[in-house]
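Descriptive analysis of the structure
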Number of protein chains: 2
Amino acid sequence: MASIRDVAQKAGVAISTVSKVLNQYPNVSEETKAKVNEAIRELNFTPNTIASALSSKQAGRVALLLNLNTQTQAIDEIDMQYISGAINKAQEMKLDVITVFFSMIKDRDVYGIVNYLKAQSIEGIIIYGMSREDKILHKLIEEQHFRIVVVDAPFVNPNTSSVQIDHEKAQYDVAKKTILENKGNKILYIAGKKNGFVTKDRLDGMKRLAEEEKLSLLVRQGDFSEKKARQLAFQYARSRDIVVCASDLMAIGAMRALQEMDIFRPVCGFDGITLMGYAGKQMNTVRQDFYRISAEAMEEMARLLEGGEGREILLDYSIIRMQYLDIIC
Amino acid sequence: MASIRDVAQKAGVAISTVSKVLNQYPNVSEETKAKVNEAIRELNFTPNTIASALSSKQAGRVALLLNLNTQTQAIDEIDMQYISGAINKAQEMKLDVITVFFSMIKDRDVYGIVNYLKAQSIEGIIIYGMSREDKILHKLIEEQHFRIVVVDAPFVNPNTSSVQIDHEKAQYDVAKKTILENKGNKILYIAGKKNGFVTKDRLDGMKRLAEEEKLSLLVRQGDFSEKKARQLAFQYARSRDIVVCASDLMAIGAMRALQEMDIFRPVCGFDGITLMGYAGKQMNTVRQDFYRISAEAMEEMARLLEGGEGREILLDYSIIRMQYLDIIC
DNA sequence: CTGTTAGCGCCTTCAG
DNA sequence: CTGAAGGCGCTAACAG
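Per chain, the residues get numbers from 1 upward, laid out in the order the sequence is written. Naming scheme: in the order in which they are written, chains are lettered from A and ligands are numbered from 1. A pLDDT threshold of at least 70 governs which residues receive local features in this predicted model, and a stricter bar of 80 or more applies before side-chain atom pairs are shown or counted, although totals over entire chains, interfaces and linings include all residues. Heavy atoms throughout the structure, all of them, feed into the side-chain values; hydrogens and water do not.

**Brief notes about the UniProt feature "domain: HTH lacI-type" (unreviewed entry) in chain A**
Applied cut-off: UniProt positions are given in the numbering used here, feature names are shortened, and annotations may be inferred rather than shown by experiment. Helix and strand definitions follow DSSP, with helices as H or I runs of at least four residues and strands as E runs of at least two, each counted in order from the N terminus.
This chain's UniProt record puts "domain: HTH lacI-type" (unreviewed entry) on residues 2-56 of chain A. As annotated, residues 2-56 of chain A comprises 69% helix and 0% strand, and the C-alpha atoms at either end are separated by 20 Å.

**A short note on the protein's contact with DNA strand C**
Rules: For each residue, the test is whether any non-hydrogen atom lies within 4 Å of the molecule or strand; if one does, the residue is near. Residues adjacent in sequence count toward polar contacts only when both atoms are side-chain atoms; beyond that, a polar contact is any pair of N or O atoms within 3.5 Å, and within protein one must be able to donate a hydrogen and the other to accept it. Gly is placed with the polar residues, together with every amino acid not listed as nonpolar (Ala, Val, Leu, Ile, Met, Phe, Trp, Tyr, Cys and Pro) or charged (Asp, Glu, Lys and Arg).
The environment of DNA strand C is formed by 27 residues, the closest being Ile4(A), Tyr25(A), Ser55(A), Thr32(B) and Lys57(B). Close to the protein, within 4 Å, the atoms of DNA strand C are drawn from sugar and phosphate at a rate of 64%. Between DNA strand C and the protein, one listed contact pairs a base nitrogen with a backbone N or O atom of Ala51(A) at 3.4 Å. Contact between DNA strand C and Ser55(B): a base nitrogen at 2.8 Å from a side-chain N or O atom of the residue. Elements supplying a minimum of two residues to the surface near DNA strand C: helix 1 (4-11), helix 2 (15-22) and helix 4 (49-56) of chain A together with helix 2 (15-22) and helix 4 (49-56) of chain B. Examining the composition of the surface near DNA strand C, we find that four residues originate from one element, helix 4 of chain A, more than from any other. Looking at the surface near DNA strand C, its residues break down into nine nonpolar, 15 polar and three charged.

**Details of the interface of chain B and chain A**
Using the following cut-off: Between two residues, a contact is recorded if the distance between any of their heavy atoms is within 4.5 Å. Reported buried area values correspond to the accessible surface (1.4 Å probe) lost by two parts on association, with both partners' losses combined. A side-chain nitrogen of Lys or Arg and a carboxyl oxygen of Asp or Glu constitute a salt bridge if their distance falls within 4 Å.
Listed as interface residues are 56 residues of chain B and, on the opposing side, 56 residues of chain A. Of the roughly 5100 Å² buried at the junction of chain B and chain A (both faces included), carbon and sulfur atoms supply 60%. The closest approach of N and O atoms between Asp96(B) and Arg61(A), which form a salt bridge, is 3.9 Å. Summed over the shared surface of chain B and chain A, the result is ten residue pairs in polar contact (both at pLDDT 80 or more). With ten residues, helix 5 (residues 76-92) of chain B is the single largest residue contributor to the side of chain B that touches chain A. The class makeup of the residues in the side of chain B that touches chain A is 26 nonpolar, 20 polar and ten charged.

**Looking at the packing of helix 7 (residues 110-118) of chain A against helix 8 (residues 135-143) of chain A**
Packed helix pairs are characterised by how far apart their axes lie and by the angle those axes make with each other. Residues and elements named next belong to chain A. This is how the line gets drawn: Every axis in this analysis is a line fitted to C-alpha atoms, fitted for helices over the stretch in contact. Angles between the N-to-C directions lie between 0 and 180 degrees. Working rule for handedness: look at the near helix, and if it is turned counterclockwise from the far one by less than a right angle, call the crossing left-handed; if clockwise, right-handed.
Look at helix 7 against helix 8: their axes get within 9 Å of each other, and the N-to-C directions meet at 65°. Between helix 7 and helix 8 lies a crossing of right-handed hand. Of the residues in helix 8, those touching helix 7 at Val-110, Ile-113 and Val-114 are Ile-136, Lys-139, Leu-140 and Glu-143. Taken together, the residues of the contact of helix 7 with helix 8 sort by class into five nonpolar, no polar and two charged.

**Brief notes about the sheet that holds strand 11 (residues 312-315) of chain B**
Residues and elements named next belong to chain B. What counts is decided by this rule: Paired strands, as defined in this entry, are two strands with at least two bridges between them according to DSSP.
The sheet built from six strands is open, its strands ordered 2-1-3-4-5-11 with parallel pairing. Here the strands that pair on one side only, and so sit at the sheet edges, are strand 2 (96-101) and strand 11. Mean inter-strand twist for the sheet, computed between neighbouring axes without regard to direction, equals 20°. Two strands pair when backbone bridges link them, and strand 5 (residues 160-165) and strand 11 are joined in this way by four bridges, in the parallel orientation. Among the inter-strand pairings, Gln-164 is bridged to a residue of strand 11, identified as Leu-314.

**Re helix 9 (residues 167-182) of chain B**
For an α-helix the count is 3.6 residues per turn, leaving residues at separations of three or four pointing the same way. All names here are of chain B. To be explicit about the condition: Here, expected helix span is obtained from the residue count minus one, scaled by 1.5 Å. A 1.4 Å probe rolled over the protein chains alone gives each residue an accessible area, and that area as a share of the maximum for its type sets the label: buried under 20%, exposed over 50%, partly exposed in between.
Taking 1.5 Å per residue, 16 residues should reach 22 Å; helix 9 reaches 22 Å between its end C-alpha atoms and fits that length. The set of residues buried in helix 9 consists of His-167, Ala-170, Gln-171, Tyr-172, Val-174, Ala-175, Thr-178 and Ile-179. For helix 9, the side-chain oxygen to backbone nitrogen distance between the N-cap and Glu-168 is 3.3 Å, and the N-cap itself is Asp-166. Of the residues flanking the end of helix 9, it is Lys-183, one or two places downstream, whose phi is positive at about 40°.

**Focus: the pattern of salt bridges**
In the structure shown here, the tally under the stated rule is 42 salt bridges over all chains. When the shortest N-O distance is used, the salt bridge between Arg208(A) and Glu168(A) registers 2.7 Å. Here Glu168(A) lies in helix 9 (residues 167-182) and Arg208(A) lies in helix 10 (residues 197-213), a separation of 40 residues in the sequence. The partner of Asp223(B) in a salt bridge is Lys228(B), and the shortest N-O contact between them spans 3.0 Å. Among the residues examined, Asp223(B) registers a relative accessible area of 28% and is labelled partly exposed.

**Topic: the protein's contact with DNA strand D**
Within the structure, DNA strand D sits among 27 residues, and Lys20(A), Thr32(A), Ile4(B), Tyr25(B) and Ser55(B) are positioned closest to it. Between Ala51(B) and DNA strand D, the recorded distance is 3.4 Å, taken from a backbone N or O atom to a base nitrogen. Elements that contribute at least two residues to the surface near DNA strand D include exactly helix 2 and helix 4 of chain A together with helix 1 (4-11), helix 2 and helix 4 of chain B. The element that contributes the greatest number of residues to the surface near DNA strand D is helix 4 of chain B, accounting for four residues. Broken down by class, the residue content of the surface near DNA strand D amounts to ten nonpolar, 14 polar and three charged.

**Section: the side chain of His167(B)**
Residues and elements named next belong to chain B. Tracing the backbone shows His-167 in helix 9. Note on His-167: relative accessible area 1%, which makes it buried. Beyond its immediate sequence surroundings of up to four residues, His-167 is in contact with Asp-152, Val-198, Asp-201, Arg-202, Phe-270 and Gln-288.

**Quick notes on the pairing of strand 4 (residues 147-151) of chain B**
All names here are of chain B. The test is simple: Consider the strands pointing away from the viewer: the crossover is right-handed when the path from the first strand over the helix to the second runs clockwise.
For strand 4, the buried fraction is high: four of the five residues fall into the buried class. Strand direction decides the pairing type here: strand 3 (residues 122-128) and strand 4, joined by five bridges, are parallel. The residue of strand 4 that forms the bridge with Ile-126 is Val-149. Handedness of the β-α-β unit built from strand 3, helix 8 (residues 135-143) and strand 4 comes out right-handed. As defined by bridge partners, strand 4 adjoins strand 5 across four bridges and the pair is classed as parallel. Bridge pairing in strand 5 links Ile-148 to Thr-160.

Rendered as structure tokens:
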């Protein structure tokens, strides 16, 4: 591997000069710039990111912090979209990415986590799927040792931005569409996890709709679990007109139950994962573009790393109807 | 962040001494070791991996090279298992991991890729899902600039190991089980992609069984595509007794077609992905534990990085029957 | 067994 | 506009 020294030598300039053209500094004549670039090309030189990070103390390294649900592979799709969206955008922005799972840091305290990350010269963290219970992460955010972007959780401070869709409105929209299409006013709403941030937002959307439309609303916690939703559907769906679920996975569980009971009730979901296509019936759902959400999160991270202030970002979504033939290829 | 210097100062020893206890070198008295460790704890010191990597030229950084199929989110599950298996094991072995997608390097030549990776101090690469067409990767392997572990492809040289299950035998086993359970001797075999390495292995297994059992074997390329398999099933399944597919996704496509045609034929798949549980019918399949395969690959990588010689590793698998209630939670 | 001394490859003032 | 010099945090001979 050619080093910056080789380049300097070949171009007949000082190392520092090469460094300057590498980092787009001003005060370098076009002439020498050309010479240097020529040498770089000839030697097929790529600067060593490790050395550059060490030296500048500014690595541009960001960690993806994922709450992997090892139980439910069915929604690995979401995490995969998160990961690829972030990584691709990071490459575009010339940021380094490492992937970290909650499980890897779960028995450390804030200080331990900060150390673990600082030791790797991490400057930014994107957190996916945090819940109200993750106290340590809340602290991490508060203490502002890092630039942080939180996906789907309402945290904002000078070093922290939040990125998400408007869950309240999305839940309202998809439920409304489903209800208008089918009429019926007794709703079974299968909500998410008690301590999830989006759970409340979505429930609020549902409640608003219920009030507006004078619906009878029965709310049960489905914990984002397919099995739980299935049980709840068995238990309550018969006496209800429509089943609104706070996630696709739960919608699938509910739909299965209905099929087994051999009764029909419209069901709608939330997320827009491919699996919905396998549900057996068409269903309305909110399509979140996780890839894009994550890419936006990374872009926001880049902004923060440049010194930008934390802020809240709301992304758009769409209401779609999923069916089998659309998803296969 | 405390640095090694602070520790040395606090412990009243030289920096190099601290380094030695950090890296478990011999020739350090228990006494000073204790002093140093004490200082480390007090200062809450974690060595800077970046600096250590730069200095030792031995970063222990490995890249995960994944061929993400953006079309088929349904099998993101596999990639996710690969990623988490590798990352978790890497943390255990104190290796650094970065994730790279084929798409990120697809327009570079070998030299460009080597540079890209070397610039990041990557020493090892684990390659997932390579096909015969990825000529550049073949070259990368041949040139041995890195330690490489290839999953599901038969490459071995002093710096390269291969890790996979015995696809030939697995295909043989699952097909045999399905055939014995159902009897029938006209088989439709929906094979994988023309240039996939496992495609041939699996096909060989099927052929061996066909010979042994005197089966009539009709082979068609399904390209690992659910849609294609669906079409093939529409076209050929009626005149066949049993449908053997080289992947779960294709098995699902075939099963769908059969349901739409309203005829029954036993179908078996390969992989053991969760999605199989949503197929509507129970099916036999080969369960590959992708998480474990990837973890083993990372372990093998650690061995290579320690100077071990490349070799072939065959992992085991099991034949299972998947059904809905087993997979939900 | 411990400390001294060079770097690793690059960035960054600061003179010239 | 360019180059010399020091240093980032750590490792690795080499003396002592």
